[in-house]
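Tertiary structure, described
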Amino acid sequence: MNSLLTPYFLLVLTGPEFGQQSIIYASIPFLFVIFTYGLETTFFRYAQKHGNPQELYNTLLVSIFSSTVLVGGVLLALADPIAHLLLVEQHPELIHLTIFIVATDALSALPFAKLRLDGRPRKYALIKVSGIVCNMALLYFFLSVCPALKAKGGISPLLLLYSPAFGLGYVFVANLVQNILQLILLLPEFAGFRPQFNLTLWKAMIIYSLPITVYNFAGMVNETFDRVMLGWWVRAPSRDAAEVQVAIYSANYKLSMFISLFIQAFRMGAEPFFFKQSKGENPQRVYARVMKFFVLTITLMFLFVALYLDIWKYFITKHYMWVGLKVVPIFLFSNMFLGIYYNLSIWYKLSDKTSAGAYITLIGAGITLAINYFFIPSFGYMACAWATCICYGTMMVLSYIWGQRVYPIPYAWKKLVAYMVIVLVLYLIHRGVVHLYPSLWLNLGTSTVLFLAYLAFIGRVEKKEFSRLPYINRIPLLRNLVSP
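Residues numbered from 1 in each chain as written. Predicted model: local features only at pLDDT ≥ 70, side-chain atom pairs only at ≥ 80, totals over all residues. Heavy atoms only, no water.

When helices and strands are tallied, the protein chain shows 22 helices and zero strands. Dimensions of the protein chain, computed from C-alpha atoms along their principal axes, come out at roughly 70 × 65 × 45 Å. By residue count, 53% of the 484 residues in the protein chain fall in the buried class. Summarising the internal contacts of the protein chain: among those between residues at least 6 apart in sequence, 81% fall at separations of at least 24. (Helix = DSSP H or I, 4+ residues; strand = E, 2+ residues; numbered from the N terminus. Buried < 20%, exposed > 50% of the residue type's maximum accessible area, 1.4 Å probe, protein only. Contact = heavy atoms within 4.5 Å.)

Listed below in structure tokens is the structure:
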């Protein structure tokens, strides 16, 4: 729902404003890593090891409350230098709001993690969706209703809450109110809290979480920092022109949101699931099977977006930004690599070798920084896209090779690689046909034929796996695909 706001933002914000928003929001994940320092993953791990779950929860809450106050105060004192670094020195108030957004996010991190660990996805989703609906309503109020009332020149009590000069700041105000609402809805998860702090337990958890913090921070370099680097190093005649390049890049990045959202949802459920499965019988087989279904799903999503890109492009309401559509297939494949890497990362979390994850992600961050530094001035946002793809591909390969030596899992890697190659070939065939015969109907027809052909192919190859899934035989199309 939040991602679907992109067309609306492109309508109500100027290109430079959307670029500024993209740059600042690219910094939020970095701040979130600093505020939470890997405690969510640590919570899942120690929930399986520590005999007193309430003591564990209390200790982590005391830790994150204390650190949020400390880190938030330091960052507020440094707001002006941060604004200069993010190219928004004329609007330091946006940095103040951003710090409060991240602080409230950090305070809700453990209660949300507890809901995931306890297997309560409905409440988790209800609170998240309530916050998003609140955010969307406030955005519409401040960016559409209030400007319309102001333009009419009438007097309305609603305008007491509105100042046209604040402009982009209302995007951040809406986000902050969303976070406060979520905290209020999470109050029952704080009900059992007592000011209890086990120093010995905390030290052990910090030793486990610090490498996670390092690789999370390096991971944010790979995921979001390219927008900041693009603003720094792109060759453009003015600051506004540079911010427009960031806006084009960010808007087209949103077209990979289907895979991004799937990966995010998968991570939410998979991390506590993987830790719980580690105590079961033959968990490696479960992990391998999860990986297979993950790759099957994500390759279908790749085709669904890449083959129908001439339809999805209308998601970007500023048509001059379509010039950046060429980065979308690269991003889709990049996110495929990233999702596989998240699957693979279970080996170092279960074997308590979180430092390995830090090393792998730091290598990825080094690749991202080097490619962007040397190639952004010449190739602009295309350098950012290829840097992301090469980075995630390298991390995926390193994690697989290293993990198989430490914690072997019987992944069907030849078959999974074959699936990825097949969808890439299908996409290239489609582009070739469209290039030779630029007809919209032929484009869509070819897309549909290729998509259904791949669906039928995996249905036949994996018919035994699919036939074991619940309810599969109740869907006629799928039942026909997997029938002997």
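With that out of the way, let us pick up the packing of aromatic side chains. By the definition in use, this model includes 34 aromatic pairs. Ring centres of Trp233 and Tyr373 lie 5.3 Å apart, and the angle between their planes is 85°; on these two criteria the pair is classed as edge-to-face. Within this pair, whereas Trp233 is found in helix H10 (residues 225-233), its partner Tyr373 is found in helix H17 (residues 354-379), the two being separated by 140 residues in sequence. Each ring, one from Trp347 and one from Trp402, has its centre 5.7 Å from the other, and the planes form 45°; the classification is tilted. With Trp347 in helix H16 (residues 346-350) and Trp402 in helix H18 (residues 381-406), the pair connects residues that are 55 residues apart, well separated along the chain. Residue Trp347 is classed as buried on the basis of its relative accessible area of 2%. An aromatic cluster is defined as three or more aromatic residues linked by ring pairs; in this entry it consists of Phe141, Phe142, Tyr162, Phe166 and Tyr170. Residue placement shows Lys128 over the ring face of Phe112; its charged tip is 4.3 Å from the ring centre. (Phe/Tyr/Trp six-rings, centres within 6.5 Å; stacked < 30°, edge-to-face > 60°. Lys NZ or Arg CZ within 6 Å of the ring centre and 35° of its normal.)

This part is about the environment of Ser156. Note on placement: Ser156 falls in the loop between helix H7 (121-152) and helix H8 (169-185). Spatially, the C-alpha atoms of Ser156 and Trp202 are 54 Å apart, while their sequence positions differ by 46 residues.

Any empty space left between the atoms is revealed when a probe the size of a water molecule rolls over them. Looking at the second largest pocket, its volume works out to about 280 Å³. Ser27, Phe30, Leu31, Leu85 and Leu86 are, among the 15 residues lining the second largest pocket, the residues nearest its centre. Counting only elements with at least two residues in the lining of the second largest pocket, the list comes to helix H2 (15-36), helix H5 (79-85), helix H6 (92-117), helix H9 (199-223) and H10. The greatest single-element share of the lining of the second largest pocket, amounting to four residues, is contributed by H2. The residue inventory of the lining of the second largest pocket, partitioned by class, reads 13 nonpolar, two polar and no charged. (1 Å grid on protein atoms, 1.4 Å probe; cavity = no way out; pocket = protein on both sides within 12 Å on 5 of 7 lines; lining within 4 Å. Points joined across faces, edges and corners; volume = space filled by probe spheres on them. Nonpolar A, V, L, I, M, F, W, Y, C, P; charged D, E, K, R; others polar.)

This part takes up the nonpolar core. The biggest cluster of nonpolar side chains holds 165 residues, and the ones touching the most others in it are Phe43, Phe302 and Ile340. Counting residues per element, this core draws most heavily on helix H13 (residues 283-306), at 15 residues. Apart from residues no more than four positions distant in its own chain, Ile340 is found in contact with Met291, Phe294, Val295, Met396 and Met420. (Core = buried A, V, L, I, M, F, W, Y, C linked by side-chain atoms within 4.5 Å.)

When you line up the elements, Thr213 lands in helix H9. Given a relative accessible area of 15%, Thr213 falls into the buried group. Taking C-alpha positions, Thr213 is 39 Å from Leu428, a pair spaced 215 residues apart along the chain. Apart from the residues within four sequence positions on either side, Thr213 is in contact with Val33, Tyr37 and Gly38. Within the local environment of Thr213, its side chain forms a polar contact with the backbone oxygen of Tyr37, the two atoms lying 3.0 Å apart. (Polar contact = N/O pair within 3.5 Å; in protein donor to acceptor, adjacent residues only side chain to side chain.)

Another aspect to go through is the pattern of salt bridges. For the coordinates displayed, the defined rule picks out ten salt bridges. The shortest N-O distance in the salt bridge between Glu40 and Arg116 comes to 3.7 Å. Taken together, the residues Glu40 in helix H3 (residues 39-47) and Arg116 in helix H6 connect sequence positions 76 residues apart. Its relative accessible area of 21% is what places Glu40 among the partly exposed residues. Of the charged contacts, one joins Lys313 and Asp310 as a salt bridge, the two residues approaching to 4.0 Å between their closest N and O atoms. (Salt bridge = Lys/Arg side-chain N within 4 Å of Asp/Glu carboxyl O.)

Any region with low pLDDT has predicted coordinates that should not be read closely. Looking at the protein chain as a whole, its pLDDT mean stands at 85, while 95% of the residues score no less than 70. The secondary-structure element of the protein chain with the lowest mean pLDDT is helix H22 (residues 476-482), recorded at 52, while H8 shows the highest, at 94. (pLDDT = per-residue confidence, 0-100.)

Here the focus is the environment of Val449. Relative to the helices and strands, Val449 is located in helix H20 (residues 440-461). The exposure class of Val449 is exposed, given its relative accessible area of 57%. The spatial distance from the C-alpha of Val449 to the C-alpha of His430 is 10.0 Å, given a sequence separation of 19 residues.

On to a nonpolar patch on the surface, then. Nonpolar side chains collect at one region of the surface, where Val214, Tyr359, Leu362, Trp402 and Val406 lie side by side and expose about 430 Å² of accessible area between them. Every element with two or more residues in the nonpolar patch is listed here: H17 and H18. Positionally, Val406 belongs in helix H18. (Patch = residues over 30% accessible without salt bridge, like charges linked within 9 Å, V, L, I, M, F, W, Y side chains within 5 Å. Areas by Shrake-Rupley, 256 points an atom, 1.4 Å probe, with all protein chains shown as cover.)

Okay, the side chain of Asn443 next. With respect to the element layout, Asn443 can be found in helix H20. By relative accessible area, which is 4% here, Asn443 ends up buried. With sequence-adjacent residues up to four places away left out, Asn443 is seen in contact with Leu307, Asp310, His430 and Val434.

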